[in-house]
Amino acid sequence: MTHSVDLFWSFRSPYSYLAIRRIIELTKDYDLHVNIRPVYPIAVRNPQFFKDIHPLWIDYLMTDIQRVGEMNNIPISWPRPDPVKMNRQTREIPLEQPYIHRLTHLGIAAAETGDGLAFLDKISTLIWSGEVRGWHEGDHLSKAAASAGFDLAKLDELIADRFDEYAAKVNANQEALEKAGHWGVPTLAYKNEAFFGQDRVDVCLWRMKQDGLQERQ
């Protein structure tokens, strides 16, 4: 019997990027289907977040994502441009966000029309691996989408002039994330039990194995 797990995920989350390869491995090794459920990053959901957080949090985050990447042989560098526009000095999040809404809505459209997991993998690698500066320019996004089996222009057509419709889908995912018991990403939710963080992927695997998850033959 195929098991199903929800993946709540953000294009601005370094830990989402660091988790994606392991999650893809699970789908190859086990009879498992992953439901892709993109959400807006916490900075967009709660613009006050970075103002209220402890001053050491960002420095710790930058140190931690580098060592987790190094430990797992995953290249990582903070994106240029940042998928979320933010004033680094004041930590203010402007309402005008030129990248993250499009990325999130594209992720939903990809999940609805094809291999959404592959789309998350290829696009997040483009944004986070450090191999490309100016990931939003030229044909970088279209090439990354094509490597996942998508025509970026067609995905853009799906989301064009339908902002409110796709925003509602994102909001539904965010509500489902909180209903499962968490607010952060990446979170795997299995039978409404939340497993938050790239270091909890294998804990979720353990739980699903308890529930009969089998390796692929």
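The structure contained in this document is the topic of the report that follows. (Residues numbered from 1 in each chain as written. Predicted model: local features only at pLDDT ≥ 70, side-chain atom pairs only at ≥ 80, totals over all residues. Heavy atoms only, no water.)

1. A closer look at the pairing of strand S3 (residues 187-190)
Sheet faces and side chains relate simply in a regular strand, where the side chains alternate between the two faces. Of the two faces of S3, both are covered, the one formed by Thr187 and Ala189 as well as the one formed by Leu188 and Tyr190. Of the pairings in the sheet, the one linking strand S1 (residues 3-9) to S3 comprises 3 bridges and is antiparallel in character. In the sheet register, phenylalanine 8 faces S3, and the bridge partner there is threonine 187. Sheet topology note: the S3/strand S4 (residues 193-196) ladder contains 4 bridges and is antiparallel. Residue pairing across strands places threonine 187 opposite phenylalanine 196, the latter belonging to S4. Between S3 and S4, which pair antiparallel one after the other, the connecting turn spans 2 residues, and lysine 191 there sits at a positive phi close to 50 degrees. (Buried < 20%, exposed > 50% of the residue type's maximum accessible area, 1.4 Å probe, protein only. Helix = DSSP H or I, 4+ residues; strand = E, 2+ residues; numbered from the N terminus. Pairing = 2+ DSSP bridges.)

2. What about the packing of aromatic side chains?
Scanning all chains against the criterion turns up 6 aromatic pairs. Ring centres of phenylalanine 11 and phenylalanine 119 lie 6.5 Å apart, and the angle between their planes is 85 degrees; this geometry places the pair in the edge-to-face category. With a gap of 108 residues between them, phenylalanine 11 in the loop between S1 and helix H1 (14-29) and phenylalanine 119 in helix H6 (residues 116-128) connect regions that are remote in the sequence. Judged by relative accessible area, phenylalanine 11 falls into the buried class, the value being 0%. Accessibility expressed as a relative area gives 2% for phenylalanine 119, which makes it buried. (Phe/Tyr/Trp six-rings, centres within 6.5 Å; stacked < 30°, edge-to-face > 60°.)

3. Quick word on the nonpolar core
Counting 64 residues, the largest nonpolar core has Leu7, Phe11, Phe119 and Ile123 as its most contacted members. What phenylalanine 119 contacts, discounting residues up to four positions off in sequence, is Phe11, Leu106, Gly107, Ala110, Ala145, Ala148, Phe150 and Leu155. (Core = buried A, V, L, I, M, F, W, Y, C linked by side-chain atoms within 4.5 Å. Contact = heavy atoms within 4.5 Å.)

4. Structural notes on the side chain of histidine 182
By the secondary structure assignment, histidine 182 is in the loop between helix H9 (163-180) and S3. Within the local environment of histidine 182, its side chain forms a polar contact with the backbone nitrogen of glycine 184, the two atoms lying 2.9 Å apart. (Polar contact = N/O pair within 3.5 Å; in protein donor to acceptor, adjacent residues only side chain to side chain.)

5. Some words on the sheet that holds S1
If you trace the 4 strands from one edge of the open sheet to the other, you get S2-S1-S3-S4, paired in mixed fashion. Two strands close off the open sheet at either side, each with one partner strand: strand S2 (32-38) and S4. For this sheet the average axis-to-axis angle between neighbouring strands, irrespective of direction, equals 25 degrees. As paired elements, S1 and S2 share 7 bridges and run parallel to each other. When the sheet's bridge partners are listed, phenylalanine 8 is paired in S2 with arginine 37. (Axes fitted to C-alpha atoms, helices over the stretch in contact; angles between N-to-C directions.)

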